[in-house]
Amino acid sequence: MSVTPDAATAIFAAALQHHRAGRLAEAASFYRRVLATHPTHKGSLFNLAALASQTGQLDQATALYRQVLALAPEDPDTLSNLGNIAAAKNDPAAAEGFYLRALRARPDYAACLANLGSIQIRLNRAEEAIVHLQRALDLEPQLNAARLGLGTAYWNLGRAEEARSCFEHVVTAEPDNIEALGNLANILGALGDHEGALKRLRIALALNPEWSQGHYNLALVLEKIGRRSDAVLHLRRALRLNPDYVEAYRGLANLLNLRGRWRMALALLERARSIDPNDAETEFHLGNIHQSRQEYADAAAHFERAIAINPAVPELFTNLGSVLLALDKPEEAVAALHRALALRPDFTFAWNNLGNALSQLNRPKEAAEAYRTAVKHDPTFAIGFINLGNVLRGLGRFDEGLAALNAGIELSPDTADAHNNVGLVLQAQCRHQEAIAAFQRALAVQAGHPEAMNNLAISYQSTGNFGEAIRLYRDVVAKEPNRSPAYFNLGGALQLIGRYDESVGVFKHALKIRPDYNAVYPYLCHALMQQCSWSNLDAMIAKMLANTEEELLSGAPISVSGFGLMGTSAPMDLRLRVANYMSQTAVRNVVEMRDKLVFRHVPSPDKRIRVGYVSPDYRHHSVATAFRGLLEAHDRRDFAIYGYALSPVGSDDVTEQLRRRFDKFHDVSALSFQDAASQINADGVNILIDLAGHTRFARPEIFALRPAPIRAHYLGYSSTIGGDIMQYLITDHRQIAPGMDRYFSEKLVYLPDTFMATTRADVAAEVPPRSEFGLPETGFVFGNFNAHYKFEPRLFGIWMRLLKRVPGSVLWFIRGTPTSEHNLRREAEARGVDPKRLIFSDKLPHRRHLARQKLVDLALDSLHHGGGVTTTDALWVGVPVVTVAGESPPSRNGATLLTAIGLPELVADSIDAYEALAYGLATEPERLAEVKRRLAANRDVKPLFDTERLTRHLESAYRIMYQRWIDGLAPEAIEVPALPPRTVPIETDVGACAAAD
């Protein structure tokens with residue numbers, strides 16, 4: 001039976017009554033009765049759809065609303081409700097479409113405007129959402145749903161105060177609005193008002209104790225104020241109320257991990273993962289725990305899975321970059337960090353981590369820019385300033401680096417690393433006393449800070465306090481027995497004070513910890529050479545040279561010094577490349593300083609050219625022995641002579657003797673590079689001479705600052721300094737043979753005769769008996785009084801053959817370490833020679849040493865690093881020396897000395913010829929006697945010991961250099977013309993300046 005229109009109206013009215021009274025089933029029944037006979041009854045369709053939606057039957061509701069739309073295609077209420085269903089089904093794009101259609105039909109539809117704003121917040125379009133939410137409030141100021149949405153939009157945009165105002169307004173209007181209370185609590189917590197946040201959350205939970213999210217949010221606030229135990233209780237309550245609450249699992253896992261219960265934390269995160277396998281944040285937290293445990297491969301896998309789930313989260317790429325860096329994959333780390341920054345260009349941590357990765361890739365300029373960007377985006381980011389300062393230090397931009405580090409310290413004064421890095425900047429500028437203070441501040445902040453202890457030891461070592469340096473190095477390795485660099489530094493300090501046997505064990509331990517620690521090999525090689533420990537020396541030297549080639553090829557910092565190559569067969573091109581690197585490093589250390597200093601270079605105010613000599617060896621040292629005579633012979637009418645001492649080990653009686661012979665003398669050992677250079681410039685030095693080269697305690701940085709217009713190396717090194725630090729290098733044609741000049745970066749100044757300075761030393765009148773030194777009463781005495789590191793197995797084999805071929809002969813050495821003597825005796829025995837035929841004697845004062853040297857019949861020079869003062873000592877007392885002219889300047893010392901004394905026939909051109917020459921002289925007494933007679937006759941007429949002649953030649957070189965500068969001409973190679981040969985013997989006038997070889 002059909003229902004009449006009047007009856008349908010009555011039934012619909014009854015349905016509405018049931019609906020309003022909450023009797024939903026009865027209402028639905030009545031709506032269906034109307035629709036049974038009037039299927040197009042719009043009100044019944046609409047309300048039945050609303051009931052279906054209210055009871056969660058979203059698909060049925062959608063179908064019914066679509067029937068309404070067939071009757072009224074632009075009905076705004078229907079469109080708005082369809083938007084609500086799409087939003088509930090997590091289809092925000094469809095929801096937005098329905099809301100926009102509804103608003104086209106009714107632009108002043110406040111509730112729809114509020115819903116549109118809410119959905120646009122979900123679509124991350126908060127700015128658009130604010131426009132619609134504010135319009136809704138303009139239409140209906142009491143529409144709290146719109147104000148809640150507006151607060152959320154403001155919060156998402158970082159406009160916390162405006163968000164708080166919105167939520168407070170809602171809470172005032174509706175004190176029991178749990179959503180508003182929760183949101184307000186979140187904002188208050190973020191703004192640091194934790195008590196206010198706790199108050200609102202407790203009100204909300206009093207209203208609804210079963211609100212699991214409220215317990216979760218309360219736990220977050222409690223964790224922030226350090227009440228972690230209470231936070232754990234609320235997280236567990238949240239999980240009891242909602243066992244599938246993924247966020248609560250993550251929060252609880254985080255707190256347990258902080259307590260060290262990482263296994264339980266991982267189990268909780270795995271539980272969250274089983275609930276929602278596609279939750280990126282859970283993977284993120286798993287990655288963080290593995291990262292904190294240094295399980296970097298596992299961490300990377302979790303971060304990569306998180307990225308696969310949600311590639312729009314910059315933190316995921318940032319953390320992935322960090323672990324890739326820890327896995328020594330800096331290129332991949334850079335790529336990940338760039339993706340993070342593409343998502344969030346102002347992400348401070350990503351910029352900082354990018355700087356770390358670029359630093360590891362040895363791209364310091366790019367790293368500096370990354371750190372600069374990090375602190376630009378967050379001027380309170382202390383570690384960014386500290387990292388920036390450190391990388392600027394490596395670039396030689398010390399003033400900028402120091403400013404950045406001090407900014408970091410101002411932000412975080414209790415950061416030991418920052419004080420340590422300040423010390424490193426000061427240390428690099430040779431400001432060691434200030435550096436010591438900085439390292440001590442780091443240790444005051446963090447007692448036992450290993451880097452600060454190690455670096456403090458380096459500065460102590462650089463200022464001559466070797467005992468304190470060694471104590472600190474030992475403390476570092478005691479605290480951190482796997483810190484290979486500390487062992488390396490300890491070995492280097494022991495080596496500096498001559499404790500070579502100890503240093504070998506320390507260096508080997510450093511390599512045991514880290515076999516690829518290239519820096520150890522040169523020092524270990526030198527220590528083994530000092531020990532005469534040759535069993536594996538060739539392999540060690542080959543490894544050192546191979547490392548050097550690889551480092552130079554790759555652009556990595558090189559681990560060998562120029563001096564470290566002197567006693568080896570390293571080719572000349574490698575020596576030049578190493579020297580260039582060392583000089584470039586010195587320049588980089590001071591380039592910022594040099595650009596700021598304005599040194600004026602003016603001609604000497606009087607006719608005297610001002611020459612400054614810089615040396616760390618104005619003490620008992622072979623350089624001082626050789627240099628003294630030249631210093632005394634300088635013509636003070638034409639030259640003013642200035643001395644600058646660099647030795648951190650202090651002065652001695654030789655220092656005082658030399659000090660009196662300079663026109664001015666300054667000990668600049670404790671000065672920074674800048675202050676030392678400023679002193680030289682203030683003295684008006686025209687020609688600055690380096691007497692050290694790349695030897696210990698030298699400071700090429702002073703020369704790189706260009707305090708004088710003319711800079712040259714002379715005497716102490718004989719090999720290229722590299723780069724453009726020096727304009728000239730003073731030598732002779734025997735020391736640097738034809739064709740070798742291409743391996744020098746300097747313009748060569750060739751002196752006639754020889755470049756070697758000698759001093760006509762005092763010799764004790766009494767020659768001691770052989771028995772005093774354990775020499776046989778009869779028998780031939782070979783001698784080599786060089787330091788033992790100059791010995792090498794090939795030449796030692798020749799010496800042993802000579803002993804076997806010359807019956808009754810012995811070989812006399814200066815005493816080395818107990819190990820070197822033991823090893824030399826063992827090597828002799830292995831070659832069939834009675835070890836007792838090797839004689840070792842203690843060092844003596846120089847004049848007595850010279851007297852005993854007369855007991856030697858024939859001196860045998862070393863190979864790769866020939867004798868200097870050792871050879872001149874022998875020649876001065878009348879002992880012939882046999883040498884071989886090698887392929888590097890250090891191996892040609894003997895060649896220039898013997899040629900200058902008129903005995904070039906004692907210079908062999910091969911080691912076979914060396915052996916034949918020595919054997920012939922040892923077994924042909926008349927031949928040896930003739931050589932000795934010529935040596936005695938030549939001593940006072942040939943150039944070697946004619947110090948005045950050498951000085952005049954050197955002064956001629958200085959005049960030419962000076963005049964070229966005055967004339968505005970660039971440096972060029974110089975051939976100094978020779979004075980006429982001497983025809984009258986030199987009057988012997990010896991002083992008392994002594995030296996240890």
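Rules used in this analysis
Residues numbered from 1 in each chain as written. Predicted model: local features only at pLDDT ≥ 70, side-chain atom pairs only at ≥ 80, totals over all residues. Heavy atoms only, no water. Helix = DSSP H or I, 4+ residues; strand = E, 2+ residues; numbered from the N terminus. Rg over C-alpha atoms; globule rule 2.2 N^0.38 Å. Buried < 20%, exposed > 50% of the residue type's maximum accessible area, 1.4 Å probe, protein only. Contact = heavy atoms within 4.5 Å. Areas by Shrake-Rupley, 256 points an atom, 1.4 Å probe, with all protein chains shown as cover. Lys, Arg positive; Asp, Glu negative; His and termini not counted. Charge placed at Lys NZ, Arg CZ, Asp CG, Glu CD. Patch = residues over 30% accessible without salt bridge, like charges linked within 9 Å, V, L, I, M, F, W, Y side chains within 5 Å. Salt bridge = Lys/Arg side-chain N within 4 Å of Asp/Glu carboxyl O. Phe/Tyr/Trp six-rings, centres within 6.5 Å; stacked < 30°, edge-to-face > 60°. Axes fitted to C-alpha atoms, helices over the stretch in contact; angles between N-to-C directions. Parallel < 35°, antiparallel > 145°, perpendicular 65-115°, else oblique. Left-handed = near helix turned anticlockwise from the far one by under 90°. Nonpolar A, V, L, I, M, F, W, Y, C, P; charged D, E, K, R; others polar. Core = buried A, V, L, I, M, F, W, Y, C linked by side-chain atoms within 4.5 Å. pLDDT = per-residue confidence, 0-100. Expected span 1.5 Å × (residues − 1). Pairing = 2+ DSSP bridges.

## Observations concerning the overall build of the protein chain
- Looking only at helices and strands, the protein chain features 45 helices and 14 strands.
- Taking 997 residues into account, the globule formula puts the C-alpha radius of gyration at 30 Å, and the protein chain, at 43 Å, lies well above it.
- Its C-alpha atoms give the protein chain principal-axis dimensions of roughly 155 × 65 × 45 Å.
- For the protein chain, with 997 residues in total, the buried portion stands at 55%.
- Long-range pairs, those at least 24 residues apart, make up 62% of the contacts in the protein chain with a sequence separation of at least 6.
- Of the accessible surface of the protein chain, which amounts to about 41600 Å², a share of 51% is contributed by carbon and sulfur atoms.
- Averaging the locations of the 107 positively and 112 negatively charged side chains of the protein chain gives two centres separated by 2 Å.

## A few points about a positive patch on the surface
- Taken together, the side chains of Arg 236, Arg 240, Arg 259 and Arg 261 define a basic patch exposed on the protein surface.
- By the element assignment, Arg 236 lies in helix 14 (residues 228–241).

## Notes on the packing of aromatic side chains
- Scanning all chains against the criterion turns up 29 aromatic pairs.
- When the centroid spacing of 5.5 Å and the interplanar angle of 70° are considered together, the rings of Phe 46 and Tyr 65 count as edge-to-face. Placement of Phe 46 in helix 3 (residues 42–54) and of Tyr 65 in helix 4 (residues 58–71) is noted, with a sequence separation of 19 residues between them.
- The class of Phe 46 is buried, set by a relative accessible area of 18%.

## Thoughts on the pattern of salt bridges
- Evaluated as defined, the whole model comprises 61 salt bridges.
- One salt bridge in this structure joins Arg 273 and Glu 270, with 3.3 Å as the shortest N-O distance. Placement of the pair is Arg 273 and Glu 270 together in helix 16 (residues 262–275), with a separation of three residues, close to one helical turn.
- Assessed through its relative accessible area of 21%, Arg 273 is described here as partly exposed.
- According to the relative accessible area criterion, Glu 270 is partly exposed, its value standing at 36%.
- Residue Glu 468 is joined to Arg 471 by a salt bridge in which the shortest nitrogen-to-oxygen separation is 2.5 Å. On the criterion of helical spacing, the pair formed by Glu 468 and Arg 471 is a turn pair, its members being three residues apart in helix 28 (residues 466–479).
- By sharing partners, the salt bridges in this structure join Glu 270, Arg 273, Glu 283 and Arg 305 into a single network.

## Looking at the packing of helix 23 (residues 382–394) against helix 24 (residues 398–411)
- Axis separation between helix 23 and helix 24 bottoms out at 7 Å; the angle between their running directions is 160°. Between helix 23 and helix 24, the crossing angle belongs to the class labelled roughly antiparallel. The handedness of the crossing between helix 23 and helix 24 comes out as left-handed. Across from Ala 382, Phe 385, Ile 386, Leu 388, Gly 389, Asn 390, Leu 392 and Arg 393 in helix 23, the residues of helix 24 making contact are Phe 398, Glu 400, Gly 401, Ala 404, Leu 405, Ala 407, Gly 408 and Leu 411.
- Of the residues in the contact of helix 23 with helix 24, the class split is ten nonpolar, four polar and two charged.

## Section: the nonpolar core
- If you look at the biggest cluster of nonpolar residues, it comprises 165 residues, and the most contacted ones within it are Tyr 613, Tyr 714, Phe 782, Trp 799, Leu 838, Tyr 958 and Met 961.
- When near neighbours in sequence (up to four residues on either side) are disregarded, Met 961 contacts Ile 710, Ala 712, Tyr 728, Ile 730, Val 749 and Ile 974.
- In this structure, Ile 119, Leu 252, Ala 265 and Ala 272 belong to the second largest nonpolar core, which totals 95 residues.

## As for the confidence of the model for the protein chain
- Scored by pLDDT, the protein chain has a mean of 92; 98% of the residues are at 70 or more.
- Note that pLDDT drops below 50 for residues 990–997; the model gives that stretch 30 contacts with residues more than four away or on any other chain.

## Remarks on helix 22 (residues 364–377)
- Look at helix 22: 20 Å from first C-alpha to last across 14 residues, which is about the 20 Å you get at 1.5 Å a residue.
- Along helix 22, the residues that are buried comprise Ala 367, Ala 368, Ala 370, Tyr 371, Thr 373, Ala 374 and Val 375.
- Check the buried side of helix 22 and you find it contacts helix 21 (348–360) and helix 23.

## Remarks on the sheet that holds strand 8 (residues 781–784)
- Pairing within the open sheet is parallel, and its six strands lie in the order 10-9-8-11-12-13. Of all strands in the sheet, those bounded by a partner on one side alone are strand 10 (838–841) and strand 13 (907–908).
- In this structure, strand 8 lies alongside strand 9 (residues 810–814), joined through four bridges in parallel fashion. Its bridge partner being in strand 9, Asn 784 is matched across the sheet by Phe 813.

## What about the pairing of strand 4 (residues 687–690)?
- The two faces of strand 4 match: Ile 687 and Ile 689 on one face and Leu 688 and Asp 690 on the other face are all buried.
- Sheet topology places strand 1 (residues 609–615) next to strand 4; four bridges connect them, and they run parallel. Bridge pairing in strand 4 links Val 611 to Ile 687.
- Of the pairings in the sheet, the one linking strand 4 to strand 5 (residues 710–713) comprises four bridges and is parallel in character. Counterpart to Asp 690 in the pairing with strand 5 is His 713.

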